[in-house]
Amino acid sequence: MRLKEINNKAGYVIVYTTVERKKDAIRIAKILVKERLSACVNVVYGLNSIYRWKGKTVNSKESLLIIKTHRNLLSAIEKRLIEIHPYELPEIISVDIKYGLHNYLKWINDNIIK
(Lines give C-alpha, C1' and ligand atoms only; values in the text may rest on other atoms or scores of the structure.)
Protein backbone atom coordinates (compact mmCIF):
# COMPACT_ATOMS: atom_id res chain seq x y z
CA MET A 1 0.00 0.00 0.00
CA ARG A 2 1.35 3.40 -0.98
CA LEU A 3 -0.89 5.30 1.38
CA LYS A 4 0.95 6.39 4.47
CA GLU A 5 -0.65 6.11 7.87
CA ILE A 6 -0.39 9.51 9.44
CA ASN A 7 0.52 10.13 13.03
CA ASN A 8 -2.53 11.78 14.64
CA LYS A 9 -0.28 14.70 15.52
CA ALA A 10 0.35 15.40 11.81
CA GLY A 11 -2.85 17.41 11.78
CA TYR A 12 -4.25 16.98 8.25
CA VAL A 13 -8.03 17.36 8.21
CA ILE A 14 -11.00 17.60 5.91
CA VAL A 15 -13.63 20.20 6.75
CA TYR A 16 -17.17 19.86 5.43
CA THR A 17 -19.72 22.58 4.89
CA THR A 18 -22.84 22.83 2.74
CA VAL A 19 -24.57 25.69 0.93
CA GLU A 20 -27.75 25.98 -1.08
CA ARG A 21 -26.58 28.09 -4.03
CA LYS A 22 -23.82 27.03 -6.41
CA LYS A 23 -22.51 30.58 -6.63
CA ASP A 24 -22.00 30.63 -2.85
CA ALA A 25 -20.14 27.31 -3.02
CA ILE A 26 -17.73 28.64 -5.66
CA ARG A 27 -17.30 31.96 -3.87
CA ILE A 28 -16.45 30.28 -0.56
CA ALA A 29 -14.09 27.77 -2.21
CA LYS A 30 -12.20 30.54 -4.02
CA ILE A 31 -11.84 32.60 -0.85
CA LEU A 32 -10.48 29.69 1.21
CA VAL A 33 -7.94 28.72 -1.46
CA LYS A 34 -6.91 32.30 -2.26
CA GLU A 35 -6.35 33.03 1.43
CA ARG A 36 -4.40 29.75 1.72
CA LEU A 37 -6.69 28.42 4.44
CA SER A 38 -7.15 25.38 2.21
CA ALA A 39 -5.00 23.82 -0.49
CA CYS A 40 -8.07 22.54 -2.33
CA VAL A 41 -11.84 22.69 -2.03
CA ASN A 42 -13.97 20.19 -3.92
CA VAL A 43 -17.52 21.32 -4.67
CA VAL A 44 -20.05 18.51 -5.04
CA TYR A 45 -23.35 19.66 -6.51
CA GLY A 46 -26.75 18.05 -6.22
CA LEU A 47 -26.92 16.80 -2.65
CA ASN A 48 -30.37 16.21 -1.28
CA SER A 49 -30.27 17.26 2.38
CA ILE A 50 -33.07 16.41 4.79
CA TYR A 51 -32.82 18.03 8.20
CA ARG A 52 -34.79 19.64 11.00
CA TRP A 53 -34.69 23.42 11.19
CA LYS A 54 -36.78 25.58 13.51
CA GLY A 55 -39.22 22.76 14.25
CA LYS A 56 -39.80 21.72 10.64
CA THR A 57 -38.40 18.97 8.45
CA VAL A 58 -36.66 20.53 5.46
CA ASN A 59 -35.73 18.86 2.17
CA SER A 60 -33.34 20.99 0.12
CA LYS A 61 -30.79 20.79 -2.66
CA GLU A 62 -27.32 21.73 -1.49
CA SER A 63 -23.69 21.63 -2.54
CA LEU A 64 -21.04 20.03 -0.35
CA LEU A 65 -17.66 21.69 0.07
CA ILE A 66 -14.78 19.33 0.93
CA ILE A 67 -12.00 21.49 2.33
CA LYS A 68 -8.48 20.01 2.62
CA THR A 69 -6.36 21.73 5.24
CA HIS A 70 -4.46 21.40 8.49
CA ARG A 71 -5.77 21.28 12.04
CA ASN A 72 -3.84 24.41 13.03
CA LEU A 73 -6.03 26.40 10.58
CA LEU A 74 -9.38 25.21 11.96
CA SER A 75 -9.99 28.31 14.09
CA ALA A 76 -9.22 30.59 11.15
CA ILE A 77 -11.45 28.53 8.83
CA GLU A 78 -14.30 28.54 11.35
CA LYS A 79 -14.02 32.33 11.77
CA ARG A 80 -13.85 32.91 8.01
CA LEU A 81 -16.75 30.58 7.21
CA ILE A 82 -18.94 32.27 9.79
CA GLU A 83 -18.09 35.64 8.17
CA ILE A 84 -18.79 34.60 4.56
CA HIS A 85 -21.31 31.77 4.82
CA PRO A 86 -24.91 32.61 3.86
CA TYR A 87 -26.47 30.31 6.47
CA GLU A 88 -27.52 31.47 9.90
CA LEU A 89 -25.98 28.26 11.29
CA PRO A 90 -23.40 26.84 8.88
CA GLU A 91 -22.34 23.22 9.04
CA ILE A 92 -18.64 23.17 9.93
CA ILE A 93 -17.40 19.64 10.62
CA SER A 94 -13.78 18.51 10.71
CA VAL A 95 -12.55 14.94 10.20
CA ASP A 96 -8.95 13.84 10.73
CA ILE A 97 -7.18 12.28 7.75
CA LYS A 98 -5.74 8.98 8.92
CA TYR A 99 -4.23 7.77 5.64
CA GLY A 100 -2.98 9.75 2.69
CA LEU A 101 -0.52 9.65 -0.18
CA HIS A 102 2.65 11.26 1.19
CA ASN A 103 3.21 13.55 -1.81
CA TYR A 104 -0.42 14.71 -1.75
CA LEU A 105 -0.20 15.56 1.95
CA LYS A 106 3.05 17.41 1.28
CA TRP A 107 1.25 19.32 -1.49
CA ILE A 108 -1.49 20.32 0.99
CA ASN A 109 1.17 21.51 3.42
CA ASP A 110 2.98 23.48 0.70
CA ASN A 111 -0.21 25.32 -0.32
CA ILE A 112 -1.60 26.52 3.00
CA ILE A 113 -0.39 29.25 5.32
CA LYS A 114 1.92 28.07 8.04
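Values in this document were obtained by computation on a predicted structure and should not be read as measured data. (Residues numbered from 1 in each chain as written. Predicted model: local features only at pLDDT ≥ 70, side-chain atom pairs only at ≥ 80, totals over all residues. Heavy atoms only, no water.)

Q: Explain the side chain of Ser 63 to me, please; I cannot follow it from the model alone.
A: With respect to the element layout, Ser 63 can be found in strand β4 (residues 56-70). Looking at Ser 63, the relative accessible area reads 2%, which means it is buried. Look past the residues within four positions of Ser 63 in its chain and what remains in contact with it is Thr 17, Thr 18, Val 19, Lys 22, Ala 25, Val 43, Val 44, Tyr 45 and Leu 47. (Helix = DSSP H or I, 4+ residues; strand = E, 2+ residues; numbered from the N terminus. Buried < 20%, exposed > 50% of the residue type's maximum accessible area, 1.4 Å probe, protein only. Contact = heavy atoms within 4.5 Å.)

Q: It is not clear to me how the pattern of salt bridges should be interpreted in this structure. Could you clarify?
A: Any two side chains of opposite charge can pair if their charged atoms end up close together. Counted under the stated rule, the structure contains eight salt bridges. In this structure, Glu 35 engages Arg 80 in a salt bridge whose closest nitrogen and oxygen atoms are separated by 2.9 Å. With Glu 35 in the loop between α1 (22-34) and β3 (40-53) and Arg 80 in helix α2 (residues 74-84), the pair connects residues that are 45 residues apart, well separated along the chain. Residue Glu 35 is classed as partly exposed on the basis of its relative accessible area of 33%. Of the charged contacts, one joins Lys 79 and Glu 83 as a salt bridge, the two residues approaching to 3.3 Å between their closest N and O atoms. A residue pair is termed a helical-turn pair when its members lie 3 or 4 positions apart in one helix, as Lys 79 and Glu 83 do in helix α2 at four residues. (Salt bridge = Lys/Arg side-chain N within 4 Å of Asp/Glu carboxyl O.)

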